[in-house]
Structure formats: structure tokens, C-alpha cells
Amino acid sequence: NAGVTQTPKFQVLKTGQSMTLQCAQDMNHNSMYWYRQDPGMGLRLIYYSASEGTTDKGEVPNGYNVSRLNKREFSLRLESAAPSQTSVYFCASSEESSWGYYNEQFFGPGTRLTVL
Amino acid sequence: TQLLEQSPQFLSIQEGENLTVYCNSSSVFSSLQWYRQEPGEGPVLLVTVVTGGEVKKLKRLTFQFGDARKDSSLHITAAQPGDTGLYLCAGFMNTGNQFYFGTGTSLTVIP
């Protein structure tokens, strides 16, 4: 049981390049999330997928696209990377509780992205 | 502007001291979670509180959810070097099905 896995762990891009961050979970969770973490700002939600086949924007979606490939996999794509997208990216998954009051999130180890 | 503000942002204390971290907002949350994150890793859930006024204890850690469900606190008794890390609160809103994370508190416990 690997939990949430992310690839790659590190990436350096030049401005304008594109790339896809991969995320997979083996906990049979319905919901998956992409966050970015910047110093002094905690984690900010980029996109989330409440269930297979659905995606919704979070707080900071501009410059990103996502794909919920199946129940296990949720990818994040940067079409034209910018220096402002230098950050640590975390994928998470959760199983929605029956009454929707709280979802415990399980995080991957993160992808450290630098855009030059 | 972050929806959840944490204070202090940085905290450096001696082993054995007590400390409190605060998580404040003007918004109401249906539940609130506290996470701890170590360098190079993702956050790990410590606790979830769902009822206004709720208090939960995990060994030396005490978590409280405000009566109005707008704020929370984390109190650590007799801090140990193993408590060192980044502490994050996260509030869940049913509307939009989103989590909002706090700005984080970086704790260093000096042996």
C-alpha cells in the first residue's frame, strides 16, 4: 500500500516549456487534489476532483490544467511554465465522509519545480 | 489574502516549554484539521475537529475548535525536539467542497 505517489520529485523548466505532474493513489479514494506550497502562504488549492470524471477550480487555477484519468490518477499540466509557478506541488486524496463534514486528506511527497 | 491566518509564523523554544499556535478566520468552517509537515515531505494529519467548542487531546497536544467554528488552537505541553516541524491548520467548507489551509507555523524545539 503506497498511499499517494507523485512523479517526478524534482524538475527544472525554462520559461515557456510544458510539463505534466503525475499523481496516483491506491486507497480507492473518490476525491483528489492538487496544491502548491509557497513560503509563508501554506498550501493553496489549484484544482480538485470530487469524483472520477469531474474537476473543479480551486483558489489559484490560472496557468494549470488537470485530468482525472481514472479513479486512481490525477495529473496536473503546465502548458507554458512561468517563473511564478516555481513552487512545491502536492497531490492529495480523500474519502468523503457520509455527511460531508470532513475529509481526511492524505498527501504525496511533493514535486519541487523550478522555472527559470 | 489567506482565509486562515496562523500565528505565530515562526516559533523557537527550549525543550520542556509549553506553546500555543493559533488559527483564525472570519469565515465559518464545518470542520478543521491540523497537519504537521516535516522538511521534504507532505503534510500528515494530526486531528480533525468538527463541533464548535470541541477539545481533543493527543498525548501532549491539545486541539480546540472555537465555539463559532471560525478559529482553532493547538497547545503543546512540554515540547520535545521531535515536535519540530511546520504546523498547518486547514478548514473545510461544504460550499464548494474545498479545504483552505492556514499560512503555517514553523516550530523549532531546541534540545
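Reading the values: the criteria
- Residues numbered from 1 in each chain as written.
- Chains lettered and ligands numbered in written order.
- Predicted model: local features only at pLDDT ≥ 70, side-chain atom pairs only at ≥ 80, totals over all residues.
- Heavy atoms only, no water.
- Core = buried A, V, L, I, M, F, W, Y, C linked by side-chain atoms within 4.5 Å.
- Buried < 20%, exposed > 50% of the residue type's maximum accessible area, 1.4 Å probe, protein only.
- Phe/Tyr/Trp six-rings, centres within 6.5 Å; stacked < 30°, edge-to-face > 60°.
- Helix = DSSP H or I, 4+ residues; strand = E, 2+ residues; numbered from the N terminus.
- Salt bridge = Lys/Arg side-chain N within 4 Å of Asp/Glu carboxyl O.
- Pairing = 2+ DSSP bridges.

K.L.:
Mind laying out the nonpolar core, listing which residues take part and the relevant values?
P.N.:
Core analysis: the largest hydrophobic core is formed by 23 residues, its most contacted members being Ile13, Leu19, Leu32, Trp34, Leu74, Ile76 and Leu107 of chain B. By size, the runner-up hydrophobic cluster in this structure holds 19 residues, among which are Met32, Trp34, Leu78 and Val115 of chain A.

K.L.:
Break down the packing of aromatic side chains for me, with residues and values.
P.N.:
Going through the model one piece at a time under the given rule, you end up with 12 aromatic pairs over all chains. With a centroid separation of 5.6 Å and an interplanar angle of 90°, the aromatic rings of Phe107 of chain A and Tyr35 of chain B are classed as edge-to-face. Residue Phe107 of chain A is located in strand β10 (residues 105–107), and its partner Tyr35 of chain B is located in strand β4 (residues 31–37); the two belong to separate chains. One exposure class covers both Phe107 of chain A and Tyr35 of chain B, and it is buried. Ring pairs connect the aromatic residues Tyr33, Tyr35, Tyr48, Phe90 and Phe107 of chain A together with Tyr35, Phe92, Phe99 and Phe101 of chain B, which therefore count as one cluster.

K.L.:
Could you give me a rundown of the pattern of salt bridges, with the residues and numbers involved?
P.N.:
Side chains that differ in charge, positive against negative, can pair when their charged atoms come close. Under the counting rule described, the total for this entry stands at six salt bridges over all chains. Among the ionic pairs, Arg36 of chain A bridges to Asp38 of chain A, the shortest N-O distance being 2.9 Å. No difference in accessibility class separates Arg36 of chain A from Asp38 of chain A, as the two residues are buried. For the salt bridge of Glu54 of chain B with Lys56 of chain B, the shortest nitrogen-to-oxygen distance reads 3.9 Å. According to the relative accessible area criterion, Glu54 of chain B is buried, its value standing at 17%. Salt bridges here are not isolated pairs; linked through shared partners, they connect Arg36, Asp38 and Arg44 of chain A.

K.L.:
Explain the pairing of strand β3 (residues 19–24) of chain B residue by residue, including any values.
P.N.:
All names here are of chain B. Of the two faces of β3, only one is covered, namely that formed by Leu19, Val21 and Cys23; the face formed by Thr20, Tyr22 and Asn24 stays uncovered. Strand direction decides the pairing type here: strand β1 (residues 5–7) and β3, joined by three bridges, are antiparallel. Bridge pairing links Ser7 to Tyr22 in β3.

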